[in-house]
Amino acid sequence: MNGTAAYAQENWDSFLTGPEGGNVEDIVMWGDTGVARGAQDFYTSDDGNTWQFCNQYTFGAFAKEPDGRARATAYTHGMFFTSDYRLHWNQVSFPYTYGLIKVATTIPGQRMAIGTSQSGVNFVEVSKDPNSTVWKRPPCVGLPATFAPSDIIFNPITHTVVLNGNDPATPDTTFYRSTDFGSTWSPLSLTGIGAGEHTQ
């Protein structure tokens, strides 16, 4: 497989089964401690052997950071932050409390968040504040206001940001790329992303 790594696991064990189980969409681990996101959110402190319910909100996505820190999105409640390996989540300042889809850590101390507000405004917000208390919309030259972002990926090697989403005005364009942290964007062809755009 060109440019693709595949790994085999000899034995797989199921978890989150039973009445509180369901699909798991995202897992963040710091050693033996972690959080799983699905129909509900659970945490483990024993490398996944046992899981417990951990949050009153349903998180949409996690952005893991070192030393037990992470940010999470809650679609109708904005952004949350933990600094103690998920033990406590605190709501933090963000321009929108509704419609936040995903937050991504780019370079250390800098983050980018995407979504669509309750009034239908599609947004890309950037924070250069290490604590992310200040968020600003970058110029976004080349990114149509009608483009509704649904996912964001950052390549730490090339410092490239790729947005996935949809735009009724240009249905054939579902990917945009920025190499300057959101100041300018260029559409990516549906024929595929170049070999230099692998992410970690």
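Residues numbered from 1 in each chain as written. Predicted model: local features only at pLDDT ≥ 70, side-chain atom pairs only at ≥ 80, totals over all residues. Heavy atoms only, no water.

A few words now on the pairing of strand 9 (residues 100-105). Where strand 9 lies against strand 10 (residues 111-116), five bridges are found, and the strand directions are antiparallel. Across the sheet, A104 pairs through a bridge with M112, a residue of strand 10. (Pairing = 2+ DSSP bridges. Helix = DSSP H or I, 4+ residues; strand = E, 2+ residues; numbered from the N terminus.)

On to the sheet that holds strand 12 (residues 148-155). If you walk across this open sheet you meet the four strands as 12-13-14-15, and the pairing is antiparallel. A strand with exactly one partner marks an edge of an open sheet, and here the two such strands are strand 12 and strand 15 (186-187). With four bridges joining them, strand 13 (residues 160-166) and strand 14 (residues 175-178) adopt antiparallel strand pairing. Counterpart to V162 in the pairing with strand 14 is R177.

This part takes up the pattern of salt bridges. Under the criterion given, the structure shown has four salt bridges. We note a salt bridge from R69 to E65, for which the minimum N-O separation is 3.0 Å. Exposure remark for E65: the relative accessible area of 5% places this residue in the buried category. Here R111 makes a salt bridge to E65, at a shortest N to O gap of 2.6 Å. Remark: E65 occurs in the loop between strand 5 (61-64) and strand 6 (70-74) and R111 occurs in strand 10; sequence separation between them is 46 residues. By relative accessible area, R111 is classed as buried at 3%. A network of salt bridges, in which partner residues are shared, links E65, R69, R71 and R111. (Salt bridge = Lys/Arg side-chain N within 4 Å of Asp/Glu carboxyl O. Buried < 20%, exposed > 50% of the residue type's maximum accessible area, 1.4 Å probe, protein only.)

Our next topic: the pairing of strand 14. A regular strand carries its side chains on alternate faces of the sheet. Of the two faces of strand 14, the one holding Y176 and S178 is buried and the one holding F175 and R177 is not buried anywhere. Pairing analysis gives two bridges linking strand 14 to strand 15, with the strands arranged antiparallel. Each residue of the ladder has a partner; that of R177, found in strand 15, is S186.

Of note, the phi angle at S132 is positive, near 55°, even though the residue is not glycine. Tracing the backbone through its elements, the reader meets S132 in the loop between strand 11 (122-127) and strand 12. Here the phi dihedral of F181 falls at roughly 60°; this positive angle occurs in a residue that is not glycine. When you line up the elements, F181 lands in the loop between strand 14 and strand 15. Residue F181 is classed as buried on the basis of its relative accessible area, which comes to 19%.

Fair warning: the whole summary comes from geometry, so function is off the table for now.
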